[in-house]
Amino acid sequence: MQRIFSVAQVILGSAVLTAGAFAQGGDNCASPTAISGPGTFAFNSAAATTGSQGQNNALCNQSGTPGIDRDVWFTWTATSTGSMQFDTCNGASFDTKLAVYPSSGCPSGAPLACNDDNCNLQSLVSVSVTSGNTYAVQLGSYPGSGGGTGSLNVSIFAPPPPCGVNTGPDVIVGDIQDIENENPTGSLDAISLGTTSCNIGTVGLGWHANTNQHPVIGGNLYRYHVVSGAGQFEQIGMSWLKHGFYALSNELCCTNCQNTDGTTLGVNCADPYTASRNGGQGALGPRYQVNAHTGGFTYPPANPPSSGTTARRCEYLLSEVDFNAGAQYFGECHYVTPDDAAAGNQNNNASYRGMTLGGSASNPVFSLTGATHRSMSAIRAWPTVDVGAIINDVQVTGDGLYLVGFHATNLGGGQYHYEYAVYNMNGDRCAGSFSIPIPGGVTVSNIGFHDVTYRNGDGQANISQTSTDWSVTQAGGSLTWACETQGANANANALHWGTTYNFRFDANAAPATGNATIGLWKSGSPGNVSTSVDVPSGGAVSYAYCFGDGSGTSCPCGNNSSPFSNAGCLNSLNSAGQLVATGSASISGDTLVLNGSGMPNGSALYFQGTAQVASGAGGVFGDGLRCAGGTTVRLGNKTNSSGASQWPSGGDPALHVKGATVAGDSRTYQTWYRNAVAFCQPETYNLTNGWALVWQP
């Protein structure tokens, strides 16, 4: 007879814990808080003491005071190789100071980087890291300023090329330096962004006023927020183009600026344009007259009539401003110029910077935060705020660069949300369709599309491009969005340069690797391009879910596992228990085995459920997350050896027999195990990730 047991019986009378304290930082470098990968980690230095370690080094002496008061410590594990940014920008209300050291524990030498005031009174450093290595992070306050609470942000950072590497003129946005909030007009509001350009190339960059041999400068506004459990990264604002007229000979990105007479941006030189100048309405021209791939444009630009405080500036709908917690905003600026494009250096001309939101729904006020991410288009911020999002580069032969972002989110109950963002950086042929393969038997729902609106006559014959949403059809094994053809409407809502469109849907199939296809709008060869993305699989019926990496419910004491490890929360061994089902979940040929690993040696309970807890996100339970819920069946206990065990084994009945399942039953599975010692909660137990499947005949 199968034993049916309740949650209370599973946990042997222990109380179920609600979300506990997240990562806070250890007051002593010998007992730091463990964190890993990109993410946002809370800290609390209000009651921290000032330790003796890491207090006297030259890198931290940027403001004449080398010390870091009220310091707390983290040991951070890298989950990828490359450059990472650590910052408290917009994450604290007091004067922070931050250092990163090359190994975990108490530092024995100088830090890799240390900073006091990189973003106002907040701190920011960028360091090169190696996947799997650990690093010590010291976070505190400027001496004498007191401590407090806040958040440490860790994100992937791609440094721009150094000066003098790319041959020819090479203009980048070295800094988005200031912002101007305009006054709303009706349902619209606008911002203007100031820029400092840098010529990091080997030849001067033409800057000739009253000709078509100077840069044009555009600005965009992006929003990230979560809707129905899935992240969306969307462009909500777009400006017309400022035409450059005189280049100063300042320095920002490089040293040894080669001064000019203003008709050229000299080698290693920088030129600032304030937000007020870039937002001067009378001097702004439309985008449609610019070929961003070649840098060519019509001069003088078209000048259709316009009115109101927002016209031609980076306009956005007030209804698209989300004041809810978790929404994040980014400003992007982009330079286009003929000689930079002729040198083949046009793919690094856009940069982005984070923004905070204040004001009210009727009059939002944006402020810049953090550092400018040079030579990185804003879409590259998506993976830094949404773990699991991926960006692919797609270069069209003989034309421009597209970036395709995607993220598949498990919504629970066998449903997945598929989110795609396609950014045309500088392609003149534009995109006119977007297709995702849909296998037979897969049901899609909640199909969506998001674009950005052209206004004020930014289109052929001074008529704005249409704002008609792309039509969507499902046929021939594909889901395809498309706009009108160029022949049907020269002002169709094609994906032009400097814009991002979103495509989304839900499906009852887990993700697998497939190809997204972008159809090009203007005639030419190739007619389309493809890139690898997550697409619905052919009706997958067995999959892992409920991971302890922070992608769902956060682990109870900041003990999140590494992103994409597909395991549970970290345990007392600093590893994460993982459950993987192998074999066939077939009633007539049951070879299914549940394999647990990454656990301490000791007792492990394998059990079955009929539902996914919290729609697959899991609920806090001991040191981990409970994933399998509903009516539960105790399958059996095993003793881990070398951290692993499996069920069934050693004469156990077949899994479908023990679980009393029949064909068509949806079941969930998980392993509950003992920690070797008390870890982050008084209890000494943890769990693996969950596994869900549908039993076949």
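What you are looking at is a predicted structure, and each value in this text was computed from that prediction instead of being measured. (Residues numbered from 1 in each chain as written. Predicted model: local features only at pLDDT ≥ 70, side-chain atom pairs only at ≥ 80, totals over all residues. Heavy atoms only, no water.)

Caption draft 1: Quick peek at the overall build of the protein. Looking only at helices and strands, the protein has five helices and 48 strands in total. Over its C-alpha trace the protein gives a radius of gyration of 28 Å, about what one expects of a compact globule, namely 26 Å for 697 residues. Over its C-alpha atoms, taken along the principal directions, the protein stretches across nearly 90 × 65 × 45 Å. Pairs at least 24 apart in sequence give 73% of the contacts found in the protein among residues at least 6 apart. For the protein, the accessible area works out to roughly 24,900 Å², and carbon and sulfur atoms hold 50% of it. On the protein, the mean spot of the 22 positive side-chain charges and the mean spot of the 40 negative ones are 8 Å from each other. (Helix = DSSP H or I, 4+ residues; strand = E, 2+ residues; numbered from the N terminus. Rg over C-alpha atoms; globule rule 2.2 N^0.38 Å. Contact = heavy atoms within 4.5 Å. Areas by Shrake-Rupley, 256 points an atom, 1.4 Å probe, with all protein chains shown as cover. Lys, Arg positive; Asp, Glu negative; His and termini not counted. Charge placed at Lys NZ, Arg CZ, Asp CG, Glu CD.)

Caption draft 2: Seen up close, the packing of aromatic side chains. Overall, the coordinates contain 27 aromatic pairs when judged by the stated rule. These aromatic residues form a ring-pair network of at least three members: Y418, Y420, F434, F449, W470, W481, Y501, F503 and F505. Over the face of the ring belonging to W497 we find R287, whose NZ or CZ atom lies 5.3 Å from the ring centre. (Phe/Tyr/Trp six-rings, centres within 6.5 Å; stacked < 30°, edge-to-face > 60°. Lys NZ or Arg CZ within 6 Å of the ring centre and 35° of its normal.)

Caption draft 3: Seen up close, the state of the cysteines. Tallied over the full model, the rule gives seven disulfides. The residue that forms a disulfide with C29 is C106, at a sulfur-sulfur distance of 2.0 Å. Here C29 and C106 share a disulfide; its torsion about the S-S bond, 90°, makes the bridge right-handed. Here C29, found in the loop between α1 (7–10) and β2 (33–36), pairs with C106, found in the loop between β6 (96–101) and β7 (113–115); they are 77 residues apart in sequence, far enough to count as distant. (Disulfide = S-S within 2.5 Å.)

Caption draft 4: Layout of the sheet that holds strand β38 (residues 593–597). Ordered in space as β37-β38-β45, the three strands form an open sheet in which the pairing is antiparallel. Each edge of the sheet is formed by a strand with only one pairing partner; in this case those strands are β37 (578–582) and β45 (645–647). With direction set aside, neighbouring strand axes in the sheet form an average angle of 20°. Alignment of β38 against β45, held across three bridges, turns out to be antiparallel. (Pairing = 2+ DSSP bridges. Axes fitted to C-alpha atoms, helices over the stretch in contact; angles between N-to-C directions.)

Caption draft 5: Layout of the sheet that holds strand β34 (residues 511–520). Ordered by their spatial adjacency, five strands build an open sheet running β31-β32-β29-β34-β35, and the pairing between neighbours is antiparallel. The sheet terminates laterally at β31 (471–475) and β35 (528–536), the two strands that pair on one side only. Going across the sheet, the axis of each strand differs from the next one's by a mean of 20°, ignoring polarity.

Caption draft 6: Just the nonpolar core, in detail. Counting 57 residues, the largest nonpolar core has Y420, F434, I436, W470, W481, F503 and F505 as its most contacted members. Not counting the four nearest positions on each side in its chain, F434 is found in contact with Y420, V422, W470, L479, T480, W481, F503, A516, T517 and I518. The next biggest cluster of nonpolar side chains, apart from the first, holds 26 residues, and it includes I176, C314, Y316 and Y335. (Core = buried A, V, L, I, M, F, W, Y, C linked by side-chain atoms within 4.5 Å. Buried < 20%, exposed > 50% of the residue type's maximum accessible area, 1.4 Å probe, protein only.)

Caption draft 7: Representation of a nonpolar patch on the surface in the model. A cluster of nonpolar residues, F245, Y246 and L248, forms a patch on the protein surface that exposes about 270 Å² of accessible area. Note on placement: L248 falls in the loop between β16 (241–243) and β17 (264–265). Taking relative accessible area as the criterion, L248 reaches 37% and is therefore assigned partly exposed. (Patch = residues over 30% accessible without salt bridge, like charges linked within 9 Å, V, L, I, M, F, W, Y side chains within 5 Å. Salt bridge = Lys/Arg side-chain N within 4 Å of Asp/Glu carboxyl O.)

Caption draft 8: Spatial organisation of unusual backbone geometry. The amide bond that connects S525 to the next residue, P526, takes the cis arrangement and shows omega of 0°. Along the chain, P526 falls in the loop between β34 and β35. Here the phi dihedral of N256 falls at roughly 65°; this positive angle occurs in a residue that is not glycine. Here N256 is to be found in the loop between β16 and β17. Of note, the phi angle at N574 is positive, near 65°, even though the residue is not glycine. Checked against the element boundaries, N574 lands in the loop between β36 (542–545) and β37.

Caption draft 9: The environment of G25, seen in detail. In this structure, G25 sits in the loop between α1 and β2. We classify G25 as buried; its relative accessible area is 18%. Residues G25 and Q138 lie 113 residues apart in sequence; the distance between their C-alpha atoms is 8.9 Å.

Caption draft 10: Spotlight on the side chain of N686. By the secondary structure assignment, N686 is in strand β47 (residues 685–687). Within the structure, the side chain of N686 is placed 3.5 Å from the backbone oxygen of D623, a separation counted as a polar contact. When sequence neighbours within four positions are dropped, the list of residues in contact with N686 reads N559, C569, L570, N571, D623, G624, T671, W672, Y673 and N675. (Polar contact = N/O pair within 3.5 Å; in protein donor to acceptor, adjacent residues only side chain to side chain.)

Caption draft 11: Structural detail: the pattern of salt bridges. Inspection of every chain in the model, using the stated rule, returns nine salt bridges. Note that D175 is salt-bridged to R353, the shortest N-O span being 3.8 Å. Placement of the pair is D175 in strand β11 (residues 171–181) and R353 in strand β24 (residues 350–360), with a sequence separation of 178 residues. Overall, the relative accessible area of 22% leaves D175 in the partly exposed class. D652 is the salt-bridge partner of K638, the closest N and O atoms lying 2.6 Å from each other. Of this pair, K638 sits in strand β44 (residues 632–639) while D652 is found in the loop between β45 and α5 (655–659), placing the two residues 14 residues apart along the sequence. Take K638: its relative accessible area is 17%, and that puts it in the buried class. The exposure class of D652 is partly exposed, given its relative accessible area of 26%. Within the structure, one salt-bridge network assembled from shared partners comprises R223, E234, E419 and R504.

Caption draft 12: Representation of the environment of A663 in the model. Inspection of the secondary structure puts A663 in the loop between α5 and β46 (666–674). Taking the C-alpha atoms as reference points, A663 and C569, 94 residues apart in sequence, are found 32 Å from one another. With near-sequence residues (within four places) excluded, A663 lies in contact with I587, W695, Q696 and P697.

Caption draft 13: View of the environment of F503. Residue position: F503 is located in strand β33 (residues 499–507). Here F503 falls in the buried class, since its relative accessible area comes to 1%.

Caption draft 14: Summary view of the confidence of the model for the protein. Looking at the protein, the pLDDT average stands at 89 and 94% of residues meet or exceed 70. Below pLDDT 50 for its whole length, residues 1–22 participates in 46 contacts with residues either more than four positions away or in separate chains. (pLDDT = per-residue confidence, 0-100.)

Caption draft 15: Spotlight on the side chain of S435. Here S435 shows up in strand β29 (residues 431–437). Separated by 2.8 Å, the side chains of S435 and T480 make a polar contact. If near-sequence neighbours (up to four positions away) are discounted, S435 is found in contact with L479, T480, N515, A516 and T517.

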